[in-house]
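Observations on the three-dimensional arrangement
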Amino acid sequence: MAERNRELADFLRRARSQSDPARTGLPADSRVRRVPGLRREEVALLAGVSADYYARLEQGRRIIPSPAVIDALARALDLDAAGRAHLDDLIGAPGRLRSGAVQRERPGLRSRAIQRVRPGLRQLLDALDGEPAMVLGRRTDILATNRMARALFADFDARSPAERNYARWMFLDDGARALFVDWEVQARAAAESLRLELGADPNDRATNELVTQLREASAEFSDWWDQHRVYQRTYGSKRLRHNVVGELTVDYETFTLPGDTDSTLYVYTAEPDSPSHQALDLLASWTLAPPSTTIHPRTSRDESM
């Protein structure tokens, strides 16, 4: 069975196991469900295909469903937009790949050109002086940051190129675990986003090597990877416990860059007049303060006073 067929079979099985039978409207029967989720024949019925046809998909046999069948499968499994995009990628449906995806069935892995950030984009990051901002590339490589992003998260510019990767930092750096109040939520999202990207471009050597390293080094990453969930980061929030300004919540919006769909701009803000906004202002002042007037980082002793 080809690797892509195995990936499709695994995704369908896991999506089926995560589906709630109660939401489908199917009539109840007296049979006991031995495992969570829908049965194969139930997915087939909801999608309007034969049970044998769907079983062959889950067995990893090479079948190219029509766009109508893909739509029906996505509805039957209650897939969100990211799940639907991942299904398209794994099936390799012609003309249905999401923006920026690459359809390939070539044997072996291959390397892609190193990503660069154009000077105008770096100027834009610096112009967003009061707001943390960064540019992420393929496989969550951190391509550029401004001073506020370095102060809020970590000084990625001071790290070696191999370590400038958001997913690697999230799972392998103790500083990331200490920083995120909701580390498990953020880390799971990073793993699921990486899974979505690899589904679109399965032969990228660097992405495969990163996944292998993370699976070997992090039990959490390996467990979440095996669950085969996918996630597309477009906007959201992060809860932080910063060692200088204390706890705060930042919201983020993402912007795919025209002419470079493999790069995404992340901008972080806080609600106006909120304690989190005041914390960002304090952090901005801290990054500009001369050494003699630098604000001392908060400690557990400070918080208890």
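These lines cover the structure that appears in this document, whether it is placed above or below. (Residues numbered from 1 in each chain as written. Predicted model: local features only at pLDDT ≥ 70, side-chain atom pairs only at ≥ 80, totals over all residues. Heavy atoms only, no water.)

1. Here's the deal with the overall build of the protein chain
Within the protein chain one finds 14 helices and 5 strands. Looking at the protein chain as a whole, 46% of its 305 residues are labelled buried. Accessible surface, the protein chain as shown: approximately 15800 Å² in total, 50% of it carbon and sulfur. (Helix = DSSP H or I, 4+ residues; strand = E, 2+ residues; numbered from the N terminus. Buried < 20%, exposed > 50% of the residue type's maximum accessible area, 1.4 Å probe, protein only. Areas by Shrake-Rupley, 256 points an atom, 1.4 Å probe, with all protein chains shown as cover.)

2. Some words on helix 12 (residues 219-226)
Buried within helix 12 we find Phe-221, Ser-222, Trp-224 and Trp-225. On its buried face, helix 12 sits against helix 8 (166-172), helix 10 (183-200) and helix 11 (205-217). Looking at the residues trailing helix 12, positive phi occurs at His-228, about 55°. (Contact = heavy atoms within 4.5 Å.)

3. Some words on a negative patch on the surface
A surface patch of like charges, here negative, comprises Asp-251, Glu-253, Glu-271 and Asp-273. Here Asp-273 shows up in the loop between strand 5 (260-269) and helix 13 (275-288). For Asp-273, a relative accessible area of 72% gives the class exposed. (Patch = residues over 30% accessible without salt bridge, like charges linked within 9 Å, V, L, I, M, F, W, Y side chains within 5 Å. Salt bridge = Lys/Arg side-chain N within 4 Å of Asp/Glu carboxyl O. Lys, Arg positive; Asp, Glu negative; His and termini not counted. Charge placed at Lys NZ, Arg CZ, Asp CG, Glu CD.)

4. Structural notes on the packing of aromatic side chains
Applying the stated rule across the entire model yields 13 aromatic pairs. Taking 5.8 Å as the distance between ring centres and 65° as the angle between the ring planes, the aromatic pair formed by Trp-169 and Phe-180 counts as edge-to-face. Of the two residues, Trp-169 is situated in helix 8 and Phe-180 in the loop between helix 9 (174-179) and helix 10; the sequence distance between them amounts to 11 residues. Neither Trp-169 nor Phe-180 differs from the other in exposure class; each is buried. Through successive ring pairs, a cluster of aromatic residues spans Phe-153, Phe-156, Tyr-166, Trp-169, Phe-180, Tyr-252, Tyr-266 and Tyr-268. Positioned above the aromatic ring of Trp-183 is the side chain of Arg-177, whose terminal nitrogen or guanidinium carbon lies 4.0 Å from the ring centre. (Phe/Tyr/Trp six-rings, centres within 6.5 Å; stacked < 30°, edge-to-face > 60°. Lys NZ or Arg CZ within 6 Å of the ring centre and 35° of its normal.)

5. Regarding the pattern of salt bridges
Evaluated as defined, the whole model comprises 21 salt bridges. Across the salt bridge formed by Arg-139 and Asp-204, the nearest N and O atoms sit 2.8 Å from each other. Residue Arg-139 is found in the loop between strand 1 (133-136) and strand 2 (142-145), and its partner Asp-204 is found in the loop between helix 10 and helix 11; the two are separated by 65 residues along the sequence. Both residues of the pair, Arg-139 and Asp-204, count as buried. Each of Arg-112, Arg-138, Asp-201 and Asp-262 takes part in a single network of salt bridges with overlapping partners.

6. Section: the packing of helix 10 against helix 12
Interaxial distance between helix 10 and helix 12 falls to 10 Å at its minimum, and their mutual angle equals 55°. In terms of their interaxial angle, helix 10 and helix 12 are classed as oblique. Here helix 10 and helix 12 pass one another in a crossing that is right-handed. Seen from helix 10, the contacting residues are Trp-183, Glu-184, Ala-187, Arg-188, Ala-191, Leu-194, Arg-195 and Leu-198; seen from helix 12, they are Glu-220, Phe-221, Trp-224 and Trp-225. (Axes fitted to C-alpha atoms, helices over the stretch in contact; angles between N-to-C directions. Parallel < 35°, antiparallel > 145°, perpendicular 65-115°, else oblique. Left-handed = near helix turned anticlockwise from the far one by under 90°.)

7. Observations regarding the environment of Leu-179
Tracing the backbone through its elements, the reader meets Leu-179 in helix 9. Residues Leu-179 and Leu-240, 61 residues apart in the sequence, show an inter-C-alpha distance of 5.5 Å. In this view, Leu-179 contacts Leu-152, Phe-153, Trp-169, Arg-239, Leu-240, Arg-241 and His-242; residues no more than four positions away in its chain are not counted.

8. Concerning helix 11
Taking 1.5 Å per residue, 13 residues should reach 18 Å; helix 11 reaches 18 Å between its end C-alpha atoms and fits that length. Taken residue by residue, helix 11 has Thr-207, Leu-210, Val-211 and Leu-214 as its buried positions. Relative to the axis of helix 11, the buried residues are bounded by an arc of 100° and lie together on one face. (Expected span 1.5 Å × (residues − 1). Arc of directions from axis to C-beta.)

9. So, the packing of helix 11 against helix 12
Direction vectors running N to C along helix 11 and helix 12 enclose 120°, while the axes themselves pass 5 Å from each other. Taken together, the axis directions place helix 11 and helix 12 in an arrangement best described as oblique. The interaxial crossing formed by helix 11 with helix 12 has left-handed handedness. Contacts between helix 11 and helix 12 involve Val-211, Leu-214, Arg-215 and Ala-217 from the first element and Ala-219, Phe-221, Ser-222, Trp-225 and Asp-226 from the second. By residue class, the composition of the contact of helix 11 with helix 12 is 6 nonpolar, 1 polar and 2 charged. (Nonpolar A, V, L, I, M, F, W, Y, C, P; charged D, E, K, R; others polar.)

10. Topic: the nonpolar core
Counting residues in each nonpolar core, the largest one holds 43 residues, and the members touching the most others are Phe-153, Trp-169, Phe-171 and Phe-180. Sorting elements by how many residues they give to this core places helix 10 first, with 6 residues. In contact with Phe-171, other than residues within four places in its own chain, are Arg-177, Trp-183, Ala-187, Ala-190, Ala-191, Leu-214, Ser-218, Glu-220, Phe-221 and Trp-224. By size, the runner-up hydrophobic cluster in this structure holds 23 residues, among which are Leu-12, Val-43, Ala-47 and Leu-77. (Core = buried A, V, L, I, M, F, W, Y, C linked by side-chain atoms within 4.5 Å.)

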